[in-house]
Amino acid sequence: MEIERKYLVRQLPEQLSSFPCHHIEQAYLSTSPVIRIRRLDDSYILTYKSGGLMARQEVELPLTKESYAHLLTKADGTVIKKDRYVIPLSHSLNIELDLFQGALSGFLMAEVEFSSIEEANTFTPPAWFGEDVTMNPAFHNSNLSAMDLEDTRHFLAQVRK
């Protein structure tokens, strides 16, 4: 079970470059249910995610580089590219800060994963977090990947207000 909350980001934290960073490329074979392929640095993963907003089932399976490349040709929508910084928040929580590239360049979003729904519901975000968008499906990466260029421009204009 994946339990996470998502936030827009008001400003980048200080000393961002001191945190581990992963380069991610991901695409979607299906958005309902979500079937995603991802390149995370030098590893390749196929992911299934059930419906839901804050809590949903998630299953990950390894892929070879060749399988990933083959499946990438079958993907729908835009390939999402982002740099993900992993920022320790407490002894048990990390912030995954995504700086999107390409068509979504300039878009920032933070995710925090929890071990229980209760923990997620009682979470107090850091001051540099912006709006909580957990319950808005428009901010799922699968939905972001489905936007055309005009929708992406409109989305980014709305987020920056």
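For the structure, see preceding data.
Residues numbered from 1 in each chain as written. Predicted model: local features only at pLDDT ≥ 70, side-chain atom pairs only at ≥ 80, totals over all residues. Heavy atoms only, no water.

Undergrad: Mind laying out the overall build of the chain, listing which residues take part and the relevant values?
TA: From N to C terminus, the chain includes 4 helices and 10 strands. Mapped in sequence order, the helices and strands of the chain form the string β-β-β-β-β-β-α-β-β-β-α-β-α-α. Taking 161 residues into account, the globule formula puts the C-alpha radius of gyration at 15 Å, and the chain, at 15 Å, falls close to it. Taken over the C-alpha atoms alone, the chain extends approximately 40 × 35 × 30 Å along its principal axes. Considering the chain as a whole, with its 161 residues, one finds that 42% of them fall into the buried category. Counting only contacts in the chain whose residues sit at least 6 apart along the sequence, the fraction spanning at least 24 positions is 60%. Total accessible area on the chain stands at roughly 8,800 Å², and carbon and sulfur atoms take up 52% of it. Charge-centre separation for the chain: the mean point of 16 positive side chains lies 4 Å from the mean point of 22 negative side chains. (Helix = DSSP H or I, 4+ residues; strand = E, 2+ residues; numbered from the N terminus. Rg over C-alpha atoms; globule rule 2.2 N^0.38 Å. Buried < 20%, exposed > 50% of the residue type's maximum accessible area, 1.4 Å probe, protein only. Contact = heavy atoms within 4.5 Å. Areas by Shrake-Rupley, 256 points an atom, 1.4 Å probe, with all protein chains shown as cover. Lys, Arg positive; Asp, Glu negative; His and termini not counted. Charge placed at Lys NZ, Arg CZ, Asp CG, Glu CD.)

Undergrad: Talk me through the side chain of Thr134; I want residue IDs and the actual numbers.
TA: Position of Thr134 among the secondary structure elements: in the loop between strand E10 (129-132) and helix H3 (141-145). Reaching out from Thr134, the side chain makes a polar contact with the backbone nitrogen of Lys6 at a distance of 2.8 Å. A polar contact is formed between the side chain of Thr134 and the side chain of Asp132, at a distance of 2.6 Å. Beyond its immediate stretch of four places on either side in the chain, Thr134 contacts Glu4, Arg5, Lys6, Leu53 and Met54. (Polar contact = N/O pair within 3.5 Å; in protein donor to acceptor, adjacent residues only side chain to side chain.)

Undergrad: Hey, could you go over the pairing of strand E9 (residues 108-113) for me, with residue numbers and the actual values?
TA: Remark: a regular strand shows side chains that alternate across the two faces of the sheet. One ladder, built from 5 bridges, connects strand E1 (residues 2-9) with E9; its direction is antiparallel. Directly across from Lys6, in E9, lies its bridge partner Glu111. As judged from the 5 bridges shared by strand E8 (residues 94-100) and E9, these two strands associate in the antiparallel manner. When the bridges of E9 are listed, Leu99 appears paired with Leu108. (Pairing = 2+ DSSP bridges.)

Undergrad: I'd like a rundown of a nonpolar patch on the surface, residues and numbers included.
TA: On the surface, a nonpolar cluster with roughly 260 Å² of combined accessible area is contributed by Tyr48, Val59 and Leu61. Inspection of the secondary structure puts Val59 in strand E6 (residues 58-63). Classification of Val59 as partly exposed rests on a relative accessible area of 43%. (Patch = residues over 30% accessible without salt bridge, like charges linked within 9 Å, V, L, I, M, F, W, Y side chains within 5 Å. Salt bridge = Lys/Arg side-chain N within 4 Å of Asp/Glu carboxyl O.)

Undergrad: How would you summarise the pairing of strand E2 (residues 21-31) if you had to cite specific residues and measurements?
TA: Sheet topology note: the E2/strand E7 (residues 76-88) ladder contains 7 bridges and is antiparallel. Along E7, the bridge assignment pairs Cys21 with Tyr85. Pairing of E2 with strand E3 (residues 34-40), which is carried by 7 bridges, proceeds in the antiparallel orientation. Each residue of the ladder has a partner; that of Ser30, found in E3, is Ile35. Where E2 folds back on E3, the antiparallel hairpin that results is connected by 2 residues.

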